[in-house]
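# Topology and contacts: notes
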Amino acid sequence: RFVIKGSLAGAAVYVAYDQGLLGSGTQGAEALKKAQAALPPAIQEWTSYIGWELPPTPKFDFSPSDSWNKGVQSVMSALSVAPTRACEYTVEGWKYVKDLVK
């Protein structure tokens, strides 16, 4: 059992690496575009073979690399202003405590 599970996991990692999913963001985006192009016809063929009828898949425009880059930029922006904001909040806190003490 362990050998079978290990070989399946290894094969999954190899396929992911071979398709470019473990590479850069642009390689991942290209792999996603390939999958979006190849998957619907394969599913349609499989469902027609079985005799099922599935609703059409929704179309959406999503770029993982753009989303990733936007997220990284947001986090880095927040980290870059964190020391300044911490000082501002500390000054406001001290003012508030001083006002309470008076």
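Reading the values: rules and limits
- Residues numbered from 1 in each chain as written.
- Predicted model: local features only at pLDDT ≥ 70, side-chain atom pairs only at ≥ 80, totals over all residues.
- Heavy atoms only, no water.
- Helix = DSSP H or I, 4+ residues; strand = E, 2+ residues; numbered from the N terminus.
- Rg over C-alpha atoms; globule rule 2.2 N^0.38 Å.
- Buried < 20%, exposed > 50% of the residue type's maximum accessible area, 1.4 Å probe, protein only.
- Areas by Shrake-Rupley, 256 points an atom, 1.4 Å probe, with all protein chains shown as cover.
- Lys, Arg positive; Asp, Glu negative; His and termini not counted.
- Charge placed at Lys NZ, Arg CZ, Asp CG, Glu CD.
- Domains from an automatic or database assignment.

Moving on, we come to the overall build of the protein. Across its full length, the protein holds 3 helices and 0 strands. The secondary structure elements of the protein, listed N-terminal to C-terminal, are α-α-α. Computed over its C-alpha atoms, the radius of gyration of the protein comes to 25 Å, more than 25% above the 13 Å expected for a compact globule of 102 residues. Along the first, second and third principal axes, the C-alpha set of the protein runs to 80 × 40 × 30 Å. With 102 residues in all, the protein has 7% of them scored as buried. Of the roughly 9300 Å² of accessible surface on the protein, 65% is carried by carbon and sulfur atoms. Taking the average location of the 10 positive side-chain charges in the protein and that of its 9 negative ones, the two points are 9 Å from each other.

Take the domain arrangement of the protein next. Taken domain by domain, the protein consists of domain 1 (1–54) and domain 2 (62–101). Here domain 1 and domain 2 have C-alpha centroids that lie 40 Å from each other.

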